[in-house]
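Architecture and fold: a report
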Amino acid sequence: MEGFVETVEGKTRLLVPELSLTERVPPKVPAFFNPSAKQSRDLSILAYHAFAPRLKERTLADGFTGIGARALRVAVEVPEIEQVFANDANPIAIEAARRSAELNNVLKKCRFSINEVCKFLMNGNDVEERFGIVDLDPFGTPARHVDCVLRAVLDDGLISITATDTAVLCGVYPEVCLRRYYGRPLNNSYGNETALRLLTSLIALTASRLELAIKPVFSHATMHYLRVYARVSVSSSDANDVYSSIGYVMHCFNCGHRLATKEYDGKAKCQICQKKLRVGGQLWIDSLHEKEFIAKMKEYAEDDEKSNKILDAALEEINVPYYFKGDEISSRLKTSPYSISKIVEKLRAVGYKASKTPFNSGAFKTDAMLNQIVDALR
Ligand SMILES: [Zn+2]
């Protein structure tokens, strides 16, 4: 194909637009391929490996497949998945994906289509109306497609959803965030985790409206990529419980104090400095990780250092819906920065819970308040 070259990602040969390998921002024409999303695709291979044995129907649907990078990697690298359905509105991208499938000898496992994403998802496959795994990786927000994804996945199936409208979710456009995700963002040092929690609560609330329940099993924020993996089950009684996992994160923009709460209180004052707190949410305040699932992902990670680092942090993470950056603390202490491991160790030594977090390698989580952290480290 003219303008396309072959590259290898993971164990898969991919035909990609030549310019996508050389330009800083990969072009959308003739087709889109983002080489820097490799980490996100590496993690999805691990997640699908970990989930596949649980599936009744081993099928995967990729709604915005582009040149097929993720779908083809699944076809080649996750042998447990029997059929991959890859769809895109761009016929040139689908042609490249089809040729890449030939290159990898997985054409029989792959079905390609050119359709609007929700039409594709509602079509189902030959045997079933729904798919075992549904992936949605759009440009920008997934908000308008969340219903379709949930309606296209089988009971006890898996969904993986990406958001890249990080400016909206991290607080640059709060009104847009409120209408897309039904919650307010926090434009602060842990905004990416708040963003993931806003995305998760949108998925959970949409699911509950459809008599479904979700359970997040893994999520990560890698650069501008926010990604949530969740198990979906048909259960109106579990759907009734959705609000037990939804709450708010309050932040003091004067002193940096933060806390999570179940109830909305727009007048709440900071316990440390008495200034008014800013409210983030409604958002998901429950765990974003299922440890058993992440341990399974790790079994497949082998010597993949970057993925292992994220998974190790997710495994040890305590269930607190925000984090503290190491340099926030060292600037208060007016010392040279402690390593994150050292901070975690010191907090544990005086009886607080503390851990690393997969959402920021220079940060930690704890149940101690900001002033208590400073006292413990002084
Ligand atoms: Zn304060």
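Whatever comes next refers back to the structure up there.
Quick caveat, the model's predicted, so the values are computed rather than measured.

1. Concerning the sheet that holds strand β14 (residues 354–356)
On the basis of which strands lie adjacent, the open sheet formed by 3 strands has the order β13-β15-β14 and antiparallel pairing. Every other strand in the sheet has two partners, leaving β13 (324–325) and β14 as the edge strands with one partner each.

2. Comments concerning the side chain of Ser-245
Along the polypeptide, Ser-245 turns up in the loop between α9 (236–240) and β10 (246–251). Of note is the side chain of Ser-245, whose polar atom sits 2.8 Å from the side chain of Asp-286. Every residue in contact with Ser-245, bar those within four places of it in the chain, is listed here: Lys-262, Leu-283, Trp-284, Ile-285 and Asp-286.

3. What about the coordination of the zinc ion?
With distances of 2.2 to 2.3 Å, the protein atoms coordinating the zinc ion are Cys-252 (SG), Cys-255 (SG), Cys-270 (SG) and Cys-273 (SG). One can describe the donor arrangement at the zinc ion as tetrahedral, given that its 4 donor atoms subtend angles of 99 to 118° at the metal. Between consecutive donors of the zinc ion, the numbers of intervening residues give the motif C-x2-C-x14-C-x2-C. One end of the pair, Cys-255, is in the loop between β10 and β11 (258–261); the other, Cys-273, is in the loop between β11 and β12 (278–284), with 18 residues separating them in the sequence. Note on Cys-273: relative accessible area 23%, which makes it partly exposed.

4. Section: the packing of aromatic side chains
In the structure shown here, the tally under the stated rule is 11 aromatic pairs. When the centroid spacing of 5.7 Å and the interplanar angle of 20° are considered together, the rings of Phe-324 and Phe-364 count as stacked. With a gap of 40 residues between them, Phe-324 in strand β13 and Phe-364 in strand β15 (residues 363–366) connect regions that are remote in the sequence. Across this residue pair, the class does not change: Phe-324 and Phe-364 are buried. Counting every residue linked through ring pairs, the aromatic cluster contains Tyr-190, Tyr-322, Tyr-323, Phe-324 and Phe-364. The ring of Phe-253 has Arg-278 sitting right over it, with the charged end atom 4.4 Å from the ring centre.

5. So, the pattern of salt bridges
According to the stated counting rule, one finds 25 salt bridges in the structure shown. Between Lys-38 and Asp-42 there is a salt bridge, and its shortest N-O distance comes to 2.8 Å. Here the residue Lys-38 and the residue Asp-42 both occupy positions in helix α1 (residues 38–51), the gap between them amounting to 4 residues, near one helical turn. Residue Asp-42 is classed as buried on the basis of its relative accessible area of 10%. Across the pair Glu-290 and Arg-231 runs a salt bridge whose closest N-O atoms are separated by 2.6 Å. With Glu-290 in the loop between β12 and α10 (291–301) and Arg-231 in strand β9 (residues 225–234), this residue pair connects regions lying 59 residues apart in the sequence. Given a relative accessible area of 23%, Arg-231 falls into the partly exposed group.

6. A few points about the state of the cysteines
One pass over the structure, following the stated rule, counts 1 disulfide. Put simply, Cys-118 and Cys-148 are joined by a disulfide, and their sulfur atoms are 2.3 Å apart. With the S-S dihedral at roughly 105°, the linkage between Cys-118 and Cys-148 falls on the right-handed side. With Cys-118 in helix α4 (residues 117–123) and Cys-148 in helix α5 (residues 146–152), this residue pair connects regions lying 30 residues apart in the sequence.

7. A short note on the sheet that holds β11
Taken in spatial order, the 3 strands of this open sheet run β11-β10-β12, and their pairing is antiparallel. Each edge of the sheet is formed by a strand with only one pairing partner; in this case those strands are β11 and β12. Recorded for the sheet is a direction-independent mean angle of 25° between the axes of neighbouring strands. As judged from the 6 bridges shared by β10 and β12, these two strands associate in the antiparallel manner. Bridging from a neighbouring strand, Ile-246 pairs with Trp-284 of β12.

8. A few points about the environment of Glu-317
In this structure, Glu-317 sits in the loop between α11 (305–316) and β13. C-alpha of Glu-317 to C-alpha of Leu-288: the two residues are 29 residues apart in sequence and 9.9 Å apart in space.

Quick notes on the rules
Residues numbered from 1 in each chain as written. Predicted model: local features only at pLDDT ≥ 70, side-chain atom pairs only at ≥ 80, totals over all residues. Heavy atoms only, no water. Pairing = 2+ DSSP bridges. Helix = DSSP H or I, 4+ residues; strand = E, 2+ residues; numbered from the N terminus. Polar contact = N/O pair within 3.5 Å; in protein donor to acceptor, adjacent residues only side chain to side chain. Contact = heavy atoms within 4.5 Å. Donors = N, O, S within 2.8 Å, 3.2 Å for Na, K, Ca; no water. Tetrahedral: all angles 85-135°; square planar, octahedral: opposite > 155°, others 65-115°. Buried < 20%, exposed > 50% of the residue type's maximum accessible area, 1.4 Å probe, protein only. Phe/Tyr/Trp six-rings, centres within 6.5 Å; stacked < 30°, edge-to-face > 60°. Lys NZ or Arg CZ within 6 Å of the ring centre and 35° of its normal. Salt bridge = Lys/Arg side-chain N within 4 Å of Asp/Glu carboxyl O. Disulfide = S-S within 2.5 Å. Axes fitted to C-alpha atoms, helices over the stretch in contact; angles between N-to-C directions.

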